[in-house]
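Examining the three-dimensional arrangement
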Amino acid sequence: MSTPATRRPGPAFYALLFALAFMALGPIVLMVSNSLKLNVDITSPTASLLFTPTIRNYETALCNFLPYEPEHISRCDKTFGRALVNSLVISVAATAITLILGCMAAYALVRFRFMGRGVTSLTTLLVRMVPPAVLLVPVFGIWTFQFGIDGTLYGIVLVYVAMNLPFVIWILQSFIVQVPIQLEEAARMDGAGPFRTFFLVVLPLIRPGLAAAAIFTFRIAWNEFLLANALADRSTRTVPVTIVNSLTEYDIDWGVIMATGTLLAIPPILFTLVASRQIITGMTAGAVKG
Amino acid sequence: MPRIRFDRVEKSFGRTLVLPPLDLTLEDGEFTVLVGPSGCGKSTTLRLVAGLETLSGGEIWFDDRAIGKLEPKDRDVAMVFQDYALYPHMNIARNMSFALRLARQPKARIDSEVRRVAEMLNIAHLLERKPAELSGGQRQRVAMGRAMVRDAGVFLFDEPLSNLDAKLRARMRTELAEMRDTIDKNMIYVTHDQIEAMTLGDRIVVMNEGTIQQQGTAEDLFANPVNRFVAGFIGSPAMNFLDGEITGDRVAGDGFDLLLPAPLARRAEAAAGRRVEVGIRPSHIVLDGGAPIDLRVVVSEYLGAQSVLVTRCGAAEMRAEIASEDRIPTGETRRFGILTDDIMLFDRETGARL
Amino acid sequence: MPRIRFDRVEKSFGRTLVLPPLDLTLEDGEFTVLVGPSGCGKSTTLRLVAGLETLSGGEIWFDDRAIGKLEPKDRDVAMVFQDYALYPHMNIARNMSFALRLARQPKARIDSEVRRVAEMLNIAHLLERKPAELSGGQRQRVAMGRAMVRDAGVFLFDEPLSNLDAKLRARMRTELAEMRDTIDKNMIYVTHDQIEAMTLGDRIVVMNEGTIQQQGTAEDLFANPVNRFVAGFIGSPAMNFLDGEITGDRVAGDGFDLLLPAPLARRAEAAAGRRVEVGIRPSHIVLDGGAPIDLRVVVSEYLGAQSVLVTRCGAAEMRAEIASEDRIPTGETRRFGILTDDIMLFDRETGARL
Amino acid sequence: DPYEEYAGTTLVVNFPAHPHYDAAIRVLDQFTEETGIEVEVDQLQYLKMRERQTLELTKDEGDYDLIAFVVFSKADYVYADQLENLARYFMNPRLADPGYDQADLIPGYVENIGVAGGAKGYLPGQLGSAYGVPFGAETSILAYRTDIFERHGLTPPDTYEELLDLACRIPELEPGVGGMASRAASGHQASHAFLLHLAPLGGKVFDDAWEPVINDEAGVAAANALKTIVDCGPEGGTTFGPAEAAAAFKQGQAAMFLDSIAFAAGFEDPSESTVAGKVGYVMHPMGERRASQTGGFGLAIPKNAPNKEAAFLLLQWLTSKEGDFAVAMEGGNPSRFSTYADPELNAKYPYSETFGEALKFADPDWRPIIPVWGSINADIGTTMSQVLTEGLDPQEALDGVAERTRDTMEEAGYYTWSPAE
Amino acid sequence: MLANANRLTPYLFLAPAVAVMAVALLYPIGYMIWASFLDWNPSQRIGEADFVGLRNYVDLLGDAAFRESFWVTIRFAAIVVAFEMVLGVGLALLLDRELRGMTLLRTVFILPMMIAPIVVGLVWRYMYHPTVGTFNRVLDDLGLPSAPWLSDGDWAFASVVIADVWQWTPFIFILSLAALQSLPRSAIEAARIDGATGWQMIRHIKIPLMMPVLIVTALLRMIDAFKVLEVILVLTNGGPGLSTEILALRISRTASEFRELGYAAAMSNLLLILLLVLTLAMFGYTRLTEARTARLARAREIEVG
Ligand SMILES: Nc1ncnc2c1ncn2[C@@H]1O[C@H](COP(=O)(O)OP(=O)(O)OP(=O)(O)O)[C@@H](O)[C@H]1O
Ligand SMILES: Nc1ncnc2c1ncn2[C@@H]1O[C@H](COP(=O)(O)OP(=O)(O)OP(=O)(O)O)[C@@H](O)[C@H]1O
Ligand SMILES: [Mg+2]
Ligand SMILES: [Mg+2]
């Protein structure tokens, strides 16, 4: 119903929260602060909390976006911008498609008893157990020689959708189960067929689950490296691929890595902020008596 | 609008048999009220008509169409759920208009229809709220409104007014009665409220443990119950039952000995010596006149114009309904009169009325 | 057991003010019934006592302890929720025993207590089922049972019998009455059922839109309502109201002209010429005797022993309660009698009783 | 003009992310200017590049016209018949530049990177033939801190004895400074570090009949040398990859560094290095013999390349005297003696001469380049890591490696022709 | 609902997802199963590889490194899943309240998961660095001896576990939080009235009601823990020795570094079987279906086909 009367949390709660937040954030703060340092400062054994921040690393990472040419950069990697766009397109598309297909399948597995349900559901889980490393070569071969979609964005989206579907299907099942079935009954009485019942009634009510699944799916699609590296060609490469590709064995440019890592983290964090707003209480309050 | 016919309909949940084979016909345009004790299968019966449960056996016919396998949306049925089942993510207006929107009705029609029904239900000021922000009775009214905006052939109401106050309930009753009279729908209505059952139903069907005990008009059931169950179930306060034995044209038991009226005596003749239960309605126990009986008044329950006296006749409890003006002190034993013309006799084993 | 005192308690949900400052005292060991139209704030009041809602203002006192900020578990309160709120993952037995198990009662005691209450509620055969496998009324009984097994100081009942049939309801009423008499608890009971309100309540509190209209015994409220609202709310069928005007010791209006009894006439004097509403209870319209009035019978509603006649007096609707034996043909205009000793007058603007 | 026909073509080349190729990319504009051939570079981390190429080369028509390949890919690509034999191009008078001067190319590099089909299949020999040209090839040298050595009157080591002695003596003389920074992380790094010492100490992985001899005396000596170096090196050395090892040296945490010449430029860059200007370079010390590492990259034309001839022109241009010099001036690693001898280069990079000298001892066979090398390499690396961190006995460890290696070789068919024992 | 539905409906709902998975996963997996009977290097197309029957599997039995990494994997998965479940669920319970700035705070706890694994690996590698790393610096400031974070087998294992727990606890956290927020509020109110204290509420109401989600979450996390790759690759590359060489890493190296695809496929098939057995043993088929079928809502399903 409405906000329940809860006792204000005590200082212990805040202390614990602070400690946990510190642990969660520590490495990230380190990453961000190192991204503002010169390499000498990062690796110097005497480094301290005090340093003069520099945006050089960001200039390097983003050099092809800058209107000017920073002098410390001897060579500008022109692909970052394009990769960013690719990454965005791929992850958003993959997330959207995965969620839609996944929740539909989950719904079927939860609400219908039909021939092949057990097998379907277990197989779904099974395909998630295969490490991508072994799938790499066959996927590349099939995409290239059979489907002819190597190097295309939708080729990558396809494999991401498939990879994430099992997760989405399984996780959403347990959220769909919790939707009071009476609501679906009501919708059917109101003349909705199964699809409209699902999209108009069930889907809005599993928003917390969807949001959680979306965060996760987006994250995988955004950060995935292995398959993207194999399937993407020069024009469809994603940001993680460009990052990894710029690492050398000879000289880890910590500053630039941290800067790129920070930049790379921004879109999924924004996505998380938006999505986690959907994880809200009491979606089904007031629906039924029971 | 269809005539609904249950043809040996069965329903069980797992091993729990809820409806043993059930036959029932609901005529076109009829307002049928289902009553029966909690858990007797009323909701299940409605849900079978709606298509929300699969039949375990038998068939349901809408006119001459077997609908047992049809999807709910193809049955043209509107329903008010006992547990409301409101869409928690839609506001009230959208809850009520959902079916119309699905049917792609013109927006203007939807709005005016929703407003009309909402006003009738006193919830017009709540249209923007979500179900979670409503009181129990308001939710129930939304559930009601959701069915009433629709133009279905069959309406199913599952205790739609149980959480409303008497006044609103009376008003809703009137609305429903009007709806029953003006539009030609087939309506099935489940209620525990005797007044609703009696005032609304063209026909009342009394169920117990999944089987139909009796069906007929309110007067039929009240005046001529076929068995002890119906007699005890219909009428409020409920009929009193006294264990007795028939000897000749009298029936006697612990604390009473009554002369049976001629027609009843004739019917009872066959049962001479049999152990029976004597049914006496509280309204047939009067202060003056009738066959005398001594009752000890235990409690007097004030109900407004009437009061109910809880009394003891031997070990048995007897309730009598009297006008509140006639104050009876409790604790005393007093002579009352029984209008023996109206008493009923039931076989103590089978419960059948003699 | 505590005495519960509401001290200028306020509650609003966002911008919706539900309870304007409310003062109310519930004595130790008292059984208080809250009645009022749907949405008037009854459940909110109970939830405030339970600690499920935060106060927007004021304070609630249990004896001399301010409990406004206490957690529900520290208030020693048992509650039956209007929407049941059963634990979906526990079977019935575990639902009912949850509080006892939390309190680490001995297992044997828990079992026997649960069984006792379950039997009383007719749900002993369902103890192994999950809530989802129960009918609406059965769920409600579980909700009831869950509170009744407990030994709390305050019991809160939110329409606990609304989905039960008349018979079971009568039985539960008796149980509750017994509980009220034998154990010394503070009980607050919300109901829409007039009979429950009248038979159970030591005191009845009538609320409307969050404010208390009147409190007192059932007879107080029925016989001496302070305003039109209470008069119209208490009593079933509800009081009839006719617009009229006072001239001298008469009150007249469309289709009627009644001589006021002396005491009322005296009180009405001050209001001479004022527009009033005349309140006449359906039971005070009789077939013989009384002040004559012509009424056109529109509908006759059969209620068992009684029937309600819906009649027209001018444009207004009047209901009369008569014994079912006295059949009155509908459609005819007939002379009835009004027992003028019992009529009431209300100011048409303020609703206050004259 | 040999280039005329191809002017306007866009070549797609696949280069690793590596300082040498960074330098090469900087001179590509010059190539385009001179020839009218456009070049588009796809630069990848070198292991990823290898993975990508593995997949890419199986296609019917590939994306790349010219690839840079890691030296140990030579076996895989040539074996799978995925590289063009360069003979076709050097034979073609319209393409081959008469002034190319093959003799100027450093032989150790060419043999190691470019040629296959001779002895053992992966080495030069009578029937060998070139599939690639070294470009960005590397050898090992010893870098040391001149200031520390001067302060304590030390001379840079020329033999392993001296090296190991100094490696452990310096931490005593100069507290907080490790003797020598070396890569040693589990896997490829530890294996690489071990092999770096194996050849100078007189060992080999296989004998001429492909029998593993890694566990002989020289092998054990190499393992012990590595262990000594890591033990006396900077703290946490067992987790170092080359970058960390170099970083430790740059930060002054080690007095010596024995690894590829490719790191030298970084040491001299004051924006990264705290020891710039204080580094001296000498040849890889000798044990039984002088044998420095050979490695790095070569350029090759894939069989499925769309523009092979233009690609050859680019390959030839980059590895020509002029190209090699231009790249070297940008900070690359020359592949020609003439470049190393160039005074202009020496003026800019004073250490070049030492490097040129060291290259004469570059050993093309310091590690086998055969298709099954990957798993053997990993096994050596893991086992070495156990020697370094878990105190596993070197002899025992290497015996184990030898045994497993033999099984691998057996399975791969290397003993098909040798009589069973 | 659930009664009287068209028998095609479930298949229509499933079809798109199944089609995508069949084309993009099952088909390649089919290849991989076939590949486990081949001697296949990635420079070959599959048709060119030699059929070797069960040789890859036979070799696996005698592969000591594989055995070792098998146990490392099991240990790793068990430990991280246990830690992450406890931490993640605990955190979710802690943050399941309506305070100001909650969305932001929740995002903070989700952050670690959003950082690219490769970057996570590098950041932690930096923090574990023997001299300039954060941890040793702190130890140093506290006057404690520095720890061999990545250079000792047991320490490295622990370090890898810590990094994984840091990165993946958010996974459990979000899903538990979403589950908590979807709980029927009325049951919680009832329990408060029944006198449940915070812990009892968690123990008797929240956890049991979250169970379907928790089971699936633990299961998915376990499966993923068996596939963790990038972070370990960057942190230790499986070392020192084989102390952190989990199977996924070994499989990936076998495929790309050793170029023995058939052997890698055989390993991954064994991993698959292991996971399946573990899944069924730990959760049981019934518990799994229970997570799917209605424990809560009115227990009805559509029966068709
Ligand atoms: N969360 C909420 N937000 C806004 N308004 C609310 C909320 N909860 C209840 N209300 C409003 O407060 C008023 C009182 O509600 P309450 O539930 O106390 O009514 P009630 O007297 O119990 O009614 P009923 O008999 O219908 O159960 C209602 O008008 C309702 O719409
Ligand atoms: N899913 C189920 N599994 C097992 N038994 C069930 C299930 N649903 C209902 N029942 C049982 O079927 C019987 C009939 O239920 P139904 O809901 O039709 O009762 P009802 O007549 O509507 O009662 P009420 O007046 O209490 O709502 C009840 O005894 C109930 O316990
Ligand atoms: Mg029901
Ligand atoms: Mg209420």
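None of the values given here were measured: they were computed from a predicted structure.

Focus: the interface of chain C and chain E
Buried accessible area, meaning the area lost when the parts come together, often serves as the stated size of an interface. Each partner contributes residues to the interface: chain C has 27 residues there, and chain E has 22 residues. For the pair chain C and chain E, the summed buried area comes to about 2000 Å², and 60% of that belongs to carbon and sulfur atoms. Interface area lost by chain C to chain E is led by K73, H89 and L102 of chain C, which between them contribute 27%. At the boundary of chain C with chain E, the tally comes to eight residue pairs in polar contact (both at pLDDT 80 or more). Elements with a contribution of two residues or more to the side of chain C that touches chain E: helix 1 (42-50), strand 6 (77-80), helix 2 (92-102) and helix 4 (136-148) of chain C. The residue inventory of the side of chain C that touches chain E, partitioned by class, reads 17 nonpolar, two polar and eight charged.

Thoughts on the packing of aromatic side chains
Under the definition given, this model contains 67 aromatic pairs over all chains. With a centroid separation of 5.2 Å and an interplanar angle of 80°, the aromatic rings of F13 of chain A and Y14 of chain A are classed as edge-to-face. Classification of F13 of chain A by relative accessible area gives buried; the value is 8%. Relative to Y100 of chain D, the ring of F90 of chain D lies with its centre 5.6 Å away and its plane at 45°, an arrangement referred to as tilted. In this pair, F90 of chain D is assigned in helix 4 (residues 87-90) and Y100 of chain D in the loop between helix 4 and helix 5 (107-114), connecting sequence segments ten residues apart. Judged by relative accessible area, F90 of chain D falls into the partly exposed class, the value being 25%.

Here we look at the pattern of salt bridges
One pass over the full model with this rule turns up 86 salt bridges over all chains. A salt bridge links E301 of chain B to R319 of chain B; the nearest nitrogen and oxygen atoms lie 3.8 Å apart. Of the two residues, E301 of chain B sits in strand 16 (residues 291-302) while R319 of chain B sits in strand 18 (residues 316-323), which places them 18 residues apart along the sequence. This pair shows no difference in class: E301 of chain B is buried, exactly as R319 of chain B is. D257 of chain C is paired through a salt bridge with R250 of chain C; the nearest N and O atoms lie 2.9 Å apart.

What about the confidence of the model for chain D?
Residues and elements named next belong to chain D. Chain-level statistics for chain D give a pLDDT mean of 87 and a share of 99% at 70 or above. Looking at the elements of chain D, mean pLDDT is at its lowest for helix 16 (residues 352-359), recorded as 81, and at its highest for strand 3 (residues 66-70), recorded as 92. Prediction confidence for the complex, expressed as pTM and ipTM, is 0.90 and 0.89 respectively.

Quick word on the coordination of the magnesium ion (ligand 4)
Residues and elements named next belong to chain C. Only S43 (OG) and Q82 (OE1) from the protein coordinate the magnesium ion (ligand 4), and they sit 1.9 to 2.1 Å from it. Linking S43 in helix 1 with Q82 in the loop between strand 6 and helix 2, this pair joins segments that are 39 residues apart in sequence. A relative accessible area of 11% means that Q82 is categorised as buried.

Description of the arrangement of the chains
Summarising the chain contacts, eight pairs of chains touch, and the pair with the most contacts is chains A and E. Contact between chain B and chain D is absent, and the least distance between their C-alpha atoms amounts to 49 Å. One finds no contact linking chain C with chain D; the least C-alpha distance across the pair is 51 Å.

A closer look at the site of ligand 1
Taken together, 21 residues lie near ligand 1, and R129, S135 and G137 of chain B together with S43 and T44 of chain C sit nearest. Nearby residues around ligand 1 are contributed by chains A, B and C. Residue G136 of chain B places a main-chain N or O atom 3.3 Å away from an oxygen atom belonging to ligand 1. Within the contact set of ligand 1, an oxygen atom lies 2.9 Å away from a backbone nitrogen or oxygen of G41 of chain C. When ligand 1 is considered free in solution it has 630 Å² of accessible area, and contact with the protein chains removes 92% of it. Within the residue set of the shell around ligand 1, elements represented by two or more residues are helix 4 (136-148) of chain B together with helix 1 of chain C.

Side note on the packing of helix 8 (residues 181-189) of chain A against helix 9 (residues 194-205) of chain A
All names here are of chain A. Relative to each other, helix 8 and helix 9 sit at 155°, their axes nearing to 10 Å. As far as their axial angle goes, helix 9 and helix 8 are roughly antiparallel. As for the relative orientation of helix 8 and helix 9, their crossing is right-handed in sense. Contacts between helix 8 and helix 9 involve L183, E184, A187 and R188 on the former and, on the latter, T197, V201, V202 and L205. Among the residues forming the contact of helix 8 with helix 9, the class breakdown is five nonpolar, one polar and two charged.

A look at the UniProt feature "domain: ABC transporter" (unreviewed entry) in chain B
In the numbering used here, UniProt assigns the feature "domain: ABC transporter" (unreviewed entry) to residues 4-234 of chain B. Secondary structure content for residues 4-234 of chain B is 36% helix and 26% strand, and the end C-alpha separation is 25 Å.

Regarding the domain arrangement of chain B
Residues and elements named next belong to chain B. Partitioning chain B into domains gives domain 1 (4-233) and domain 2 (240-347). Between domain 1 and domain 2, the C-alpha centre-to-centre distance is 37 Å. On the domain 2 side, the residues contacting the eight residues of domain 1 number five residues. Overall, the association of domain 1 and domain 2 removes approximately 620 Å² of surface from exposure, summing both partners, and the carbon and sulfur fraction of that is 63%. Counting across the interface, domain 1 meets domain 2 through two residue pairs in polar contact (both at pLDDT 80 or more). Residue assignment for the side of domain 1 that touches domain 2 shows that the elements contributing at least two residues are helix 7 (218-223) and helix 8 (228-233). Of the residues belonging to the side of domain 1 that touches domain 2, the class tally is five nonpolar, two polar and one charged.

Calculation criteria
Residues numbered from 1 in each chain as written. Chains lettered and ligands numbered in written order. Predicted model: local features only at pLDDT ≥ 70, side-chain atom pairs only at ≥ 80, totals over all residues. Heavy atoms only, no water. Contact = heavy atoms within 4.5 Å. Buried area = accessible area lost by both parts, 1.4 Å probe. Polar contact = N/O pair within 3.5 Å; in protein donor to acceptor, adjacent residues only side chain to side chain. Helix = DSSP H or I, 4+ residues; strand = E, 2+ residues; numbered from the N terminus. Nonpolar A, V, L, I, M, F, W, Y, C, P; charged D, E, K, R; others polar. Phe/Tyr/Trp six-rings, centres within 6.5 Å; stacked < 30°, edge-to-face > 60°. Buried < 20%, exposed > 50% of the residue type's maximum accessible area, 1.4 Å probe, protein only. Salt bridge = Lys/Arg side-chain N within 4 Å of Asp/Glu carboxyl O. pLDDT = per-residue confidence, 0-100. Donors = N, O, S within 2.8 Å, 3.2 Å for Na, K, Ca; no water. Near = heavy atom within 4 Å. Areas by Shrake-Rupley, 256 points an atom, 1.4 Å probe, with all protein chains shown as cover. Axes fitted to C-alpha atoms, helices over the stretch in contact; angles between N-to-C directions. Parallel < 35°, antiparallel > 145°, perpendicular 65-115°, else oblique. Left-handed = near helix turned anticlockwise from the far one by under 90°. UniProt positions renumbered as here; feature names shortened; annotations may be inferred. Domains from an automatic or database assignment.

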